[in-house]
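Take a look at the letters that make up each chain.
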2 protein chains.
Amino acid sequence: MKPVGPIPAGFEARDGDLIIGGKTATALVEQHGSPVFVYSKELLTKRLADLRQAMPDGLDIHYAMKANPFGPLLEHMVSLVDGIDIASGGELSMALAAGADHISFAGPGKRDKELIAAIEAGVTINIESPTECDRALDIAAKAGKTPILAIRVNPDFDLKGSGMKMGGGAKQFGMDIDLVAPVVAKILEADGNWRGFHIFAGSQALKADAIIETQAQTLALAARLAGEIGVAPAHVNLGGGIGIPYFPGDESVDIVAVGAALSKELESLPDILKDTQFAVELGRYLVGEAGVYLTQIVDRKISCGETFLITDGGLHHQLAASGNFGTVVKRNYPAAIANKFGIEPEEVVSIVGCLCTPLDRLSDNANMPTANVGDIVAMFCAGAYGATASPANFLGQGPATEIFLD
Amino acid sequence: MKPVGPIPAGFEARDGDLIIGGKTATALVEQHGSPVFVYSKELLTKRLADLRQAMPDGLDIHYAMKANPFGPLLEHMVSLVDGIDIASGGELSMALAAGADHISFAGPGKRDKELIAAIEAGVTINIESPTECDRALDIAAKAGKTPILAIRVNPDFDLKGSGMKMGGGAKQFGMDIDLVAPVVAKILEADGNWRGFHIFAGSQALKADAIIETQAQTLALAARLAGEIGVAPAHVNLGGGIGIPYFPGDESVDIVAVGAALSKELESLPDILKDTQFAVELGRYLVGEAGVYLTQIVDRKISCGETFLITDGGLHHQLAASGNFGTVVKRNYPAAIANKFGIEPEEVVSIVGCLCTPLDRLSDNANMPTANVGDIVAMFCAGAYGATASPANFLGQGPATEIFLD
């Protein structure tokens, strides 16, 4: 038996059926078909409220929409946060369609046409290299626009314990520290609107201490760079890094501790950062636990003594859960039999997808209540890096339905 | 420095520019934009001709279209092979649209609606479990049709050295050997058209000896099962298993040796298999090396002494090449600077995609001729498990253009 990850807070059963946004999993599958992603507005709203409560007053919270760009969800996030962070021209179009007006754009390979669209839309561009800065200034000059440019810095430290390290060594993201001051000087000379810094050291960390340490390092780096430049930055994006529990033994980040430490840091800032507006940029933490992927069992079989539940979903919607995206060893995401939710486990089963490849495993040797054809598997933590981070067209399957539960 | 994989045969340069289907990479990107998948009809045709030459006379060759379902390519494959193997109702629609008339359907989680469509279309259904057999017989009876059913067997051996093991232990694919005879008896009782067996032990093997041994085991298993059933199978699908070289040190399969050994086996079959038609089912081997992914460099930067070439493509089209699909350790796929093809390497660079994630690495510390913004990176072995096996919509990027070079 291999344990499954911890089921996020906020999910309960009604007569043994998982409730999401006030509806049972059974009713959701009856209404919308299977497989289906369901996102709970209520859980999104609560997550933001709890985070605001924990974080320092006046700190901006940005949503990194790469985590989940589904239109209705994105519109709700626009109403809750202080800015939307995009990573492509495609995301820019979606953000504008969702009504976002505070947008910033990071990404190591911005095409000219993406820079043009961002400058036209008045988006803050996080400049990733000296050559990208030159391209942005040229494009803005030709368009007769003032570009709004921040510098993405490749920090000389990383976020300890983070799932994705984005600093602390050679990286394709941002520019090395020694390049920053000359590039800012060039922006100021060209009468560009220099917004400040974007410093992102890593993501998906669960230890408050590591996040607190990284935020302190980030503030110190921003102060040092501002001092070198001799101009106060209007804005500093401190990055994100707050992860969510996926695997057995993982625990939620103590955001109250993170918020308290950050408040203390912001109260004792050096003079050059006294008027700076700070932001954190979060994706997965804001939306990941608010989504569930429901998929119906189409076969149950025993092979060499192992019981398989075969679903009509799979890695084409749940690539990360299948252990094929950013993880080396397959561990079980939180999963349950949705229409037997909260019922004691009775047997050990492997839950697989319908794809004709051995990679398509959702849950290995998990302890579950007995389930049969027609029952519904719930994969939790499906609100981030699910639908769009999976190869939907693999084996001719196509995308799953997505539902925003108002 | 980390070596890159071996560039497949059939690619040459004209004035330092990679030629695919008679056109230069530069011309292809100018005409179709970047990034773009290009598939060479000429290389597909040659691959099939060479394989026919090596394989026993009368052996059927099937194409497993999951490897690449791109319409124009699929139409060409239909014209070259003896059958199309599908893995979903979506693939059934595509196969029919491409003019396929010999179709077989394998997959562990077939929905009722997929069984209905397959029975209506006269497709051979590879039955994966006793319960799936019951469902197929019920559906056919209700429709007044005779279902064409083969048994997918979970063999008690695997293909040694294969990248994907699909036999030799508990598996979601097919049924264990002891279940086969009773299920065939049920099909015959219900007046179903029992076609034979589908026995697939693994894929992506490079050693001829291992493939030869597995084919012998597969034939022995088919004979044993036919003996138990007491009826000769009309058709046996021997599976595939012939891989292609991706990584440094990999060598092409000696298909002449495989074909010679299989000829010998087929000449000394037991009586019960004397009139059986045999097929091999190949996907990656038929199409993988005929495709190239071209992506243009949008930035060149140095971070902490490491040079990065940042392209406008990435893992959203090349998930497997980025090391995030079915591999544990990232090794470099075959790659080149397409418009400096065949030119001596001059520097060590990491080639990355445009996505704002550290997972998006195409080639780590590879030795390449000097390349700058506007130059074109070629990723080889992109004809199989590329476009549809990657999360095209990740970070709002969308799919790449695909071109079939006639």
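Residues numbered from 1 in each chain as written. Chains lettered and ligands numbered in written order. Predicted model: local features only at pLDDT ≥ 70, side-chain atom pairs only at ≥ 80, totals over all residues. Heavy atoms only, no water.

Strands in a sheet are paired, the pairing made by backbone hydrogen bonds, and the direction either parallel or antiparallel. All names here are of chain A. The strand order 1-2-3 describes an open sheet built from three strands, whose pairing is antiparallel. Every other strand in the sheet has two partners, leaving strand 1 (12–14) and strand 3 (23–24) as the edge strands with one partner each. Examined bridge by bridge, strand 2 (residues 17–20) and strand 3 share two bridges and lie antiparallel to one another. Following the sheet pairing, Ile19 is matched in strand 3 by Thr24. (Pairing = 2+ DSSP bridges. Helix = DSSP H or I, 4+ residues; strand = E, 2+ residues; numbered from the N terminus.)

Between chain B and chain A, the superposition needs a rotation of 180° and an axial shift of 0.0 Å, giving an RMSD of 0.0 Å. Such values leave the two copies arranged in the relation of a two-fold axis. When C-alpha distances to the rotation axis are compared across chain B, the minimum falls at Pro391 of chain B, with a value of 2.0 Å. Both copies share a contact surface, since 100% of the interface residues of chain B are interface residues in chain A too. (Least-squares fit on C-alpha atoms with pLDDT ≥ 70 in both. Contact = heavy atoms within 4.5 Å.)

Bringing the interface of chain B and chain A into the picture now. Taken together, the contact between chain B and chain A spans 66 residues of the former and 66 residues of the latter. For the pairing of chain B and chain A, the buried interface totals around 5100 Å² over both sides, and the portion due to carbon and sulfur atoms is 60%. Broken down residue by residue, the surface that chain B buries against chain A is led by Arg111, Gln172 and Cys356 of chain B, which jointly contribute 13%. At the junction of chain B with chain A, the criterion picks out zero salt bridges. Summed over the shared surface of chain B and chain A, the result is 26 residue pairs in polar contact (both at pLDDT 80 or more). At the level of elements, helix 4 (89–97), helix 6 (130–143), strand 9 (148–154), strand 10 (164–165), strand 16 (291–303) and strand 17 (306–311) of chain B are the ones that each hand at least two residues to the side of chain B that touches chain A. With six residues, the top contributor of residues to the side of chain B that touches chain A is strand 16 of chain B. (Buried area = accessible area lost by both parts, 1.4 Å probe. Salt bridge = Lys/Arg side-chain N within 4 Å of Asp/Glu carboxyl O. Polar contact = N/O pair within 3.5 Å; in protein donor to acceptor, adjacent residues only side chain to side chain.)

Moving on, we come to the side chain of Glu289 of chain B. All names here are of chain B. Structurally, Glu289 can be placed in the loop between helix 10 (284–287) and strand 16. Of the residues examined, Glu289 reaches a relative accessible area of 10% and is grouped as buried. Residue contacts for Glu289: discarding those within four places in its chain leaves Pro8, Phe11, Leu43, Arg47, Ile244, Pro245 and Cys381. (Buried < 20%, exposed > 50% of the residue type's maximum accessible area, 1.4 Å probe, protein only.)

Let us now look at the domain arrangement of chain A. You'll often see interface size given as the accessible area lost when the parts meet. Residue and element names in this part refer to chain A. Structurally, chain A comprises domain 1 (12–39 + 289–405) and domain 2 (102–282). The distance between the C-alpha centroids of domain 1 and domain 2 comes to 36 Å. Facing seven residues of domain 1, the contacting portion of domain 2 comprises five residues. Together domain 1 and domain 2 conceal approximately 710 Å² of surface at their shared face, both sides included; 64% is due to carbon and sulfur atoms. The largest per-residue losses of area from domain 1 upon contact with domain 2 belong to Glu289, Arg331 and Tyr333, which jointly make up 54% of the total buried on that side. Taken together, the links from domain 1 to domain 2 amount to zero salt bridges. Here domain 1 is connected to domain 2 by zero residue pairs in polar contact (both at pLDDT 80 or more). (Domains from an automatic or database assignment.)

Turning our attention to the pattern of salt bridges. Residues and elements named next belong to chain A. Counted according to the given criterion, the structure contains 38 salt bridges over all chains. A salt bridge links Arg152 to Glu128; the nearest nitrogen and oxygen atoms lie 2.9 Å apart. Within this pair, whereas Arg152 is found in strand 9 (residues 148–154), its partner Glu128 is found in the loop between strand 8 (124–127) and helix 6 (130–143), the two being separated by 24 residues in sequence. Note on Arg152: relative accessible area 1%, which makes it buried.

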